[in-house]
Amino acid sequence: MELINYVVRRLALIIPTLLGASLVMFVLTTLIPGDPALMRLGNFATAEQLKSLREEMGLDKPPYERYVLYLGGLVRGDMGRSWRTGNLVLDDLQARLPMSLELGVCSMLLAIAIGIPIGVWGAASKDSVVDYGGKAYGILGVAMPLFWGGLVLVYLFYFKFGIAPAPTGRIDMLVSPPTHLTGSYLLDSLLTGDLEAFLSSAAHLVLPVITLAFVTGASIARMTYTSMRKVLASQFIQVSHAYGISPRAIVYKFALKNALMPVVTLIGLQVGFLIGGVVLVEVVFSLPGIGRYAVESLLVNDFAPVQGFVLLVLVVYLLINLLVDLLYSVLNPQVHNG
Amino acid sequence: MPTAVTRRRFMGQTLGVIGGTMVSGPLLPLLAEAAKRKQVLRVAVERDFESLRPDMSAGYTNFMLKRLIYTTALLWGTKQRPDGTLTYDLNTIEPLLLTAYKVSDDRQLIEFTLRPNAKFANGDPLHAPALKEAYAWLFANGGSGGNQLKVNGVPNAEHIEAVDDVTLRLHLDRPVAWGLYGNALLGTSIVHAKEIMKHATADDPYGLKWLETKTIASGPFVIETWQKGSMMSLVPNPHAVQPSTLERIILQVVPDASTRRIVLERGDVDFAMQISTKDIPDLRKASGVKVTSYPSSRGWWFGMTWRKEPFNNMHFRRAMAWAMPYETLLQVVTQGLAERLRSCVPNNISGYVEELWPYETNLEKAREELAQVQVPEGFTVTVPVSAGDLFDEEATVLIKESLAKLGITLSIQKMPTGQKRTLLTNKQVDMAVYDWRPWTPDAGYFIHWNWLPDSFWNCWSYVNPEAQTLGYETITMATGAPERQAKLRRFQEIVNGDIGLIPLVSEFENVVTRENVQGYVSYPDGIPVLAKLSLE
């Protein structure tokens, strides 16, 4: 019951957070002096046309009125319309979200699969090659700019060696995308048994996922290493050694479980970084996700998609952090949420 | 007995799957399709196509798409340059939808004779009444198409007359120099108005929402598939008035310029749009890649406001003109892929006069001029720059360096292009690098948009009654008339004398394709007509 109350309270907190974020976003986009109507009409606009389009787009109304209208729309699930694509922002985000989720989830899974083992092995075998290699990776991964990393991978594996597919989107130009079920090409091609689409879309994900996972995994590796070193130096581990328990069991059964708490926290926080990274990786690899949608919209003063993107990302971020908090009590029953 | 899952086996299998998909993923479809890919043109474009509305401005990629799915009544003619490449010819016209055209002696009546059996992609007739409806729709919805028709001299839909199925008359309210070939501009793209209006609602009286994503083509291609934000595939319109040899066109969105470059070099696309000028010298040496540079009318100037001191002081303006690093801009920023611009109208258009600009880089003369102006100590000017526009960014930095030697500080403010445009059109900019490309290659057309008191792009608030009277006069005169040329020359003498704008460079249009791509024509608007291309 206590847990349910906690979850309900946390979920309820999302509403004022979103309200605040929507207000900040609205104020910021209002302060930017660009004129969406001018962008829409282009160089050959006349003053009358601009006036008429501004009225049509509601830009002639005072900002507070536009904000109230925007909030009213949000309550009805209407995030506004993108003048650039002509679609409802919600539809555009729905169409692009599966791509970003596919990339984000695969990257996070790979980052965890790389980061935790490297951190654990490095901590368990101090001053070994694995230890130094892990530390070097931790520094390199954190220091490497994502954009640059993606370009280097493209240069090497696509341009130089020719083993990766062209970074031109989710699937090869000459392969038909799978039948739309979930929007994820990997899932949809598996569910429909479309092997050609699966192989092509999986191949197109490899480099973007490695780019994101390399950087995200480095932070996880560093945190795992530090946390493991601390746990391995603690008294109960020394007692376990004295009892003659195998070092393997000590590391994987006792130490790792205790060391995972801060790592889980970090993974939750890394979601924010991952979303930022997705924006850059989507540009380098020409992936049509929500990050690129927001950036391209921002560049042409199409603000409704930017506001929609920020709200969506915020919701995802808050929900994942709630999930992380709930995971604490699973990992350590002594932790009580409430 | 099931095999035990060990860490080593799991890692091995995972790496195997990753490696396998990397190799087989791209290979399988390519092998399967290689045999059947003959006239399939693959083009890497910078951004998505956004909207199918022909009446709105939506960027270069969108303009290119419009040339594929919509026809205009006519197009500029083509001529061969000495090197064998093709460019537009203002003296001839390609009558796309027409079999003939006539212009009355007073140049206020233009009569089109349409192809008798022209059709939209759905088989509906594209006859004179349909063309009139299309133009009337452009007027009615208040977008840029109707405005373009007005600029061409047709004030409203009542001035368009469908005489019979093949004869359409445009009654101009005044003779306009570009009245005929203004009908080649994208703004006058022909839509299926009757079909669009079937989707009109009370909230959307012109069916614009439907037209954002759906249309009935009148051009050489129709949309086969459109994956938003990713790619578009087009196939030939069975009713195209001028069929293409291409069997399919695939437009792939590749937002990063360096990625567009390498996919072209690897041969994964045939044509890469908007390649960075910095990459051109290297691409000229790349195997299998063809780079062709065409002179263009896209000009770059340095603008200064006339609305306040010291910018409106002639000594200050002369000082700026002497201080510009012209050759450095040409060699460093454009890598030599441009030519000096020497007037207040763009180069490579009818009416441009080169010998009226006396200024070269000379800081001594700049200091002498500046000494005669009361410029406060530590004078600082905020200069907006379009983020991501390499010329704007780099040219402004070089100009800043040059002006710093005169004690003037430029504070560079990077912003999205839209933001800079708004500041410019609101006349809120004191100084900035300014670019413009007239889609009709005529000095009078440029004057119409930039130099008259009511010009939308008279961002610097220029006023000179003598020059502006000449400007108005050139709009209505016949393009080839010697007296018009004399007036255009006099206009440039006056405005250059006033240092209306400081001309910097005229950029080349660099077209980067695979070697087997043939048939590119450079048009005044710089928009590729992909339907004219073929693969050898």
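Residues numbered from 1 in each chain as written. Chains lettered and ligands numbered in written order. Predicted model: local features only at pLDDT ≥ 70, side-chain atom pairs only at ≥ 80, totals over all residues. Heavy atoms only, no water.

Novice: Would you explain the overall build of chain B in this entry?
Specialist: Scanning chain B for helices and strands turns up 16 helices and 20 strands. Here chain B has a C-alpha radius of gyration of 26 Å; the compact-globule value for 536 residues is 24 Å, and the two agree. Overall, the C-alpha framework of chain B stretches about 95 × 75 × 55 Å when taken along its three principal axes. Counting only residues that meet the buried cut, chain B has 60% of its 536 residues in that class. Considering only residue pairs separated by 6 or more positions, chain B has 69% of its internal contacts joining residues 24 or more positions apart. Of the roughly 20,200 Å² of accessible surface on chain B, a fraction of 52% belongs to carbon and sulfur atoms. Of the side-chain charges in chain B, 56 are positive and 59 negative, and the distance between the mean point of each set is 5 Å. (Helix = DSSP H or I, 4+ residues; strand = E, 2+ residues; numbered from the N terminus. Rg over C-alpha atoms; globule rule 2.2 N^0.38 Å. Buried < 20%, exposed > 50% of the residue type's maximum accessible area, 1.4 Å probe, protein only. Contact = heavy atoms within 4.5 Å. Areas by Shrake-Rupley, 256 points an atom, 1.4 Å probe, with all protein chains shown as cover. Lys, Arg positive; Asp, Glu negative; His and termini not counted. Charge placed at Lys NZ, Arg CZ, Asp CG, Glu CD.)

Novice: Before we go on, may I ask you to explain the overall build of chain A in this structure?
Specialist: Along its length, chain A carries 13 helices and zero strands. In chain A, the succession of helices and strands from N to C terminus is α-α-α-α-α-α-α-α-α-α-α-α-α. For chain A, the spread of C-alpha atoms along the principal axes amounts to about 85 × 55 × 40 Å. Counting over 338 residues, chain A shows a buried share of 50%. Counting 22 positive and 21 negative side-chain charges, chain A places the centres of these two groups 11 Å from one another.

Novice: I would appreciate a short explanation of the nonpolar core in the present structure.
Specialist: One recurring pattern in soluble globular proteins: nonpolar side chains tend to sit buried together. Membership of the largest hydrophobic core comes to 163 residues, with the highest contact counts inside it found for B:F112, B:L251, B:M320, B:M431, B:I502 and B:L530. Among the elements that make up this core, the one with the highest residue count is helix 3 (residues 128-140) of chain B (eight residues). In this structure B:L530 touches B:L41, B:V43, B:M64, B:L68, B:L246, B:I249, B:L251, B:F271 and B:M273, once residues within four positions along its chain are discounted. A:L93, A:M108, A:L174 and A:V313 belong to the second-largest nonpolar core, a separate cluster that totals 82 residues. (Core = buried A, V, L, I, M, F, W, Y, C linked by side-chain atoms within 4.5 Å.)

Novice: I'm lost on helix 5 (residues 89-124) of chain A in this one. Help?
Specialist: Each turn of an α-helix holds 3.6 residues, which means side chains three or four residues apart point in the same direction. With 36 residues, helix 5 of chain A ought to run about 52 Å at 1.5 Å a step, and its terminal C-alpha atoms sit 49 Å apart, in line with that. When the local axis directions of helix 5 of chain A are compared, the greatest deviation, roughly 35°, occurs at A:R96, which is followed within four positions by the proline A:P98. (Expected span 1.5 Å × (residues − 1). Bend = angle between axes of the 7 residues up to and from the residue.)

Novice: Is there a simple way to think about the interface of chain B and chain A in this case?
Specialist: You'll often see interface size given as the accessible area lost when the parts meet. On the chain A side, the residues contacting the 61 residues of chain B number 63 residues. Buried surface at the junction of chain B and chain A, both sides included, amounts to about 5,500 Å², of which 63% is carbon and sulfur. Scanning the region where chain B abuts chain A turns up one salt bridge. Between A:R96 and B:D48 there is a salt bridge, with its nearest N and O atoms 4.0 Å apart. Every element with two or more residues in the side of chain B that touches chain A is listed here: helix 1 (7-34), helix 4 (144-151), helix 6 (208-213), strand 10 (248-253), helix 7 (257-265), helix 13 (417-425) and helix 14 (443-450) of chain B. Of all the elements, helix 1 of chain B adds the most residues to the side of chain B that touches chain A, at twelve residues. Split into classes, the residues belonging to the side of chain B that touches chain A amount to 24 nonpolar, 21 polar and 16 charged. (Buried area = accessible area lost by both parts, 1.4 Å probe. Salt bridge = Lys/Arg side-chain N within 4 Å of Asp/Glu carboxyl O. Nonpolar A, V, L, I, M, F, W, Y, C, P; charged D, E, K, R; others polar.)

Novice: Help me out: how do you make sense of the pattern of salt bridges in this one?
Specialist: Any two side chains of opposite charge can pair, so long as their charged atoms come close to each other. All names here are of chain B. One pass over the full model with this rule turns up 40 salt bridges over all chains. The partner of R42 in a salt bridge is D270, and the shortest N-O contact between them spans 3.1 Å. Here the residue R42 occupies a position in strand 1 (residues 40-45), and D270 occupies one in the loop between helix 7 and strand 11 (271-272), the gap between them amounting to 228 residues. Residue R42 is classed as buried on the basis of its relative accessible area of 7%.

Novice: Even after reading the chapter, I still don't get the environment of B:A366, so can you show me in this structure?
Specialist: All names here are of chain B. Its location among the elements puts A366 in helix 11 (residues 363-370). Taking the relative accessible area as the measure of exposure, A366 reaches 0% and is therefore buried. Put simply, A366 and L406 are 40 residues apart on the chain and 7.8 Å apart in space, counted from C-alpha to C-alpha. With sequence-adjacent residues up to four places away left out, A366 is seen in contact with A319, W322, A323 and L406.

Novice: Looking at this structure, how should I read the sheet that holds strand 7 (residues 167-171) of chain B?
Specialist: Residue and element names in this part refer to chain B. Taken in spatial order, the four strands of this open sheet run 4-5-7-6, and their pairing is antiparallel. In this open sheet, the two strands that pair with only one neighbour each are strand 4 (98-103) and strand 6 (160-164). Put simply, the sheet's adjacent strands are angled 20° from each other on average, direction ignored. Pairing of strand 6 with strand 7, which is carried by four bridges, proceeds in the antiparallel orientation. Looking at strand 7, one finds that E161 is bridged to R169. The sheet strands contacting helix 3 are strand 5 (109-114), strand 6 and strand 7, and the helix crosses strand 6 at an angle near 170°. (Pairing = 2+ DSSP bridges. Axes fitted to C-alpha atoms, helices over the stretch in contact; angles between N-to-C directions.)

Novice: Looking at this structure, how should I read the environment of A:K135?
Specialist: In this fold, A:K135 is placed in helix 6 (residues 129-143). Taking C-alpha positions, A:K135 is 28 Å from A:N332, a pair spaced 197 residues apart along the chain.

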